[in-house]
Amino acid sequence: MLQHTDEELVVLIQTDPSPARYQDELFRRHYDRVALWCLRYTGDRDAALDAAQEVFLRVQKGLRHFAGQAKFSTWLFTIARNYCFNELSRTRRQAEVSIDAPETAELANEPTMPVDEALSRAEQLQQAREWMTKLLSEEERQAYSLHYGEGIPISTVTRLLGLSNPSGAKAHLVSARRKLSEAVRRWKVGHETP
Amino acid sequence: MKPPETLLQRQPDCPSIDTLASYAESPQQAASLRPHIEACANCQTEIRLLNSFLEAKPAEHELADTRQLASQLQARFTSPKATTRAGGAWWTGWRIWVPAMSMLLVIAAGLQWQRQTDATANAPVYRDIPRIEVYIPRQGEQIAFSEFRWQAVPAAANYSLTLTEVDGTVAFAGASPTASLSLDAKTKGLLLPRKTLHFSVEALDGAGKTIARSASIRIRIEPASPKAPKTNE
Ligand SMILES: [Zn+2]
């Protein structure tokens, strides 16, 4: 069984009359990564166990529909990511507000990505992408898009990106905001009509 | 000013996660994606998260927890304890919607039975017995939950019912000569909002030997959405 790829195991699970051993093997290969992902997302072992179980229950349920064009591991990532980002975050966000409250309040004083409304949406998007690429470091860019784009709490962004600096994602968010605000200020000066 | 968050989320021109995965694996082969990915913080973030997921390298402080979680997952999902029906976990996503403040609970559920046909073999063989209709409360349904009910097994002299915590700790163990078990006040106290428990039942013959058992059923108590408080204006 060890010689089978993940995708071959999925086919065996879908077609073999005794599929349990194939599912055992397939799941065994991925317990570590789902456990670690959920641990980083939740920051709590008990909550991580609950989340990881939910992820595998969804995989179990979805296996029969897995078409096999994609890699199983990518599909698994999508399930874990979407569960945490979409469903879990909805219920956790409220609970984490108190934890993140001081830093969030400090960061919430200014608009996040101020782009002039005179620009079309496509122009705004292009401008936002250009500033983020040119002005921000890789970590600032990623922390910024996870926190402001996906609404992921700062402490969770720190764990997901594996940031080891003392204040974690907060430092990157603060410096990203400073750089972007400055870019917007200069852009406005350059585009002001006399 | 437009809501800035929408500029930071996935955009229609962002490649699918499968495409990003193939780029991450072999940037040369998917070179046409490079201009977009180099300009798009969202796609760069997705690739970084995907890579960290696939690498699964716990930091020193994450090591013990990750190992423990992985072994708990293995214990939970490895057959025969888990269901042996491929992709057939019909009970997955089962949600019991219970008013948060209600102390009166009711559910009726038939269970899928698996019979152990060869107790002497090293790897027990499980055979599915035809599925029994399950009565599951509809999402949002206001129900009272006062007993577990399952399909009777003809040769059973007794049933043993277990509620376990997500870490495998037994929260409640009970026995019943009939195919139902009323919950006492103490057991109802375990059914807290947002709590996950696993429920399973075994059918025993007159000699106390297990002749059938249910799949492990995940129960999550969802709190009812709070009613808006009345205001006197
Ligand atoms: Zn993109």
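Scroll up for the structure.
Residues numbered from 1 in each chain as written. Chains lettered and ligands numbered in written order. Predicted model: local features only at pLDDT ≥ 70, side-chain atom pairs only at ≥ 80, totals over all residues. Heavy atoms only, no water.

## Some words on the overall build of chain B
- Scanning chain B for helices and strands turns up six helices and 10 strands.
- In chain B, which comprises 233 residues, the proportion classed as buried is 45%.
- Here the analysis covers contacts within chain B between residues at least 6 apart in sequence; of these, 62% occur between residues at least 24 apart.
- Total accessible area computed for chain B in this model is approximately 12300 Å², and 53% of it derives from carbon and sulfur atoms. (Helix = DSSP H or I, 4+ residues; strand = E, 2+ residues; numbered from the N terminus. Buried < 20%, exposed > 50% of the residue type's maximum accessible area, 1.4 Å probe, protein only. Contact = heavy atoms within 4.5 Å. Areas by Shrake-Rupley, 256 points an atom, 1.4 Å probe, with all protein chains shown as cover.)

## Describing the coordination of the zinc ion
All names here are of chain B.
- Every protein donor of the zinc ion is listed here as C14 (SG), H36 (NE2), C40 (SG) and C43 (SG), and their distances to the metal cover 2.1 to 2.3 Å.
- Around the zinc ion, the four donor atoms sit at angles spanning 101 to 113 degrees, and that spread fits a shape best called tetrahedral.
- Donor residues for the zinc ion sit on one chain with the sequence pattern C-x21-H-x3-C-x2-C. Highlighted residues: C14 in the loop between α1 (5-8) and α2 (17-25) and H36 in helix α3 (residues 34-39), separated in sequence by 22 residues.
- For C14, a relative accessible area of 9% corresponds to the buried category. (Donors = N, O, S within 2.8 Å, 3.2 Å for Na, K, Ca; no water. Tetrahedral: all angles 85-135°; square planar, octahedral: opposite > 155°, others 65-115°.)

## As for helix α2 (residues 20-28) of chain A
- In terms of burial, α2(A) is a largely internal element, seven of the nine residues being buried.
- Within α2(A) the residues assigned to the buried category are A:A20, A:Y22, A:Q23, A:D24, A:E25, A:L26 and A:F27.

## What about the packing of aromatic side chains?
- Evaluated as defined, the whole model comprises 14 aromatic pairs over all chains.
- Ring geometry for A:F72 versus A:W75: centroids 5.8 Å apart, planes at 55 degrees, classification tilted. In this pair, A:F72 and A:W75 are both assigned in helix α5 (residues 72-107), three residues apart and thus about one turn of the helix distant. For the pair A:F72 and A:W75, a shared accessibility class is recorded, and that class is buried.
- Clustering of aromatic rings is evident, with ring pairs tying together A:W37, A:Y41, A:F77, A:F85 and B:F53. (Phe/Tyr/Trp six-rings, centres within 6.5 Å; stacked < 30°, edge-to-face > 60°.)

## Considering the side chain of A:R40
- Here A:R40 shows up in helix α3 (residues 31-42).
- Relative accessible area serves as the criterion here: at 11%, A:R40 is assigned to the buried category.
- Reaching out from A:R40, the side chain makes a polar contact with the side chain of B:E62 at a distance of 2.9 Å.
- Not counting residues up to four positions away in its chain, the partners in contact with A:R40 are A:T156, A:R159, A:L160, B:S52, B:K57, B:P58, B:A59 and B:E62. (Polar contact = N/O pair within 3.5 Å; in protein donor to acceptor, adjacent residues only side chain to side chain.)

## Observations regarding the packing of helix α4 (residues 45-62) of chain A against helix α5 (residues 63-77) of chain B
- The N-to-C vectors of α4(A) and α5(B) enclose an angle of 40 degrees; their axes lie 10 Å apart at closest approach. Comparing the axis directions of α4(A) and α5(B) gives the class oblique. The element α4(A) and its partner α5(B) pack so that their crossing is right-handed. On the side of α4(A), the interface is formed by A:R45, A:A48, A:L49, A:A52, A:Q53, A:F56, A:L57 and A:Q60, while α5(B) contributes B:D65, B:Q68, B:L69, B:Q72, B:L73, B:R76 and B:F77.
- Taken together, the residues that form the contact of α4(A) with α5(B) break down as eight nonpolar, four polar and three charged. (Axes fitted to C-alpha atoms, helices over the stretch in contact; angles between N-to-C directions. Parallel < 35°, antiparallel > 145°, perpendicular 65-115°, else oblique. Left-handed = near helix turned anticlockwise from the far one by under 90°. Nonpolar A, V, L, I, M, F, W, Y, C, P; charged D, E, K, R; others polar.)

## Side note on the nonpolar core
- The biggest cluster of nonpolar side chains holds 74 residues, and the ones touching the most others in it are A:W37, A:V55, A:V59, A:L63, A:F72 and A:F85.
- Examining the composition of this core, we find that 10 residues originate from one element, α5(A), more than from any other.
- Once you skip the residues sitting within four places of it in the chain, A:F72 turns out to touch A:D6, A:E7, A:V10, A:L26, A:H30, A:V59, A:L63 and A:F66.
- Of all hydrophobic cores here, the second largest spans 11 residues; its members include B:A156, B:Y159, B:L161 and B:A203. (Core = buried A, V, L, I, M, F, W, Y, C linked by side-chain atoms within 4.5 Å.)

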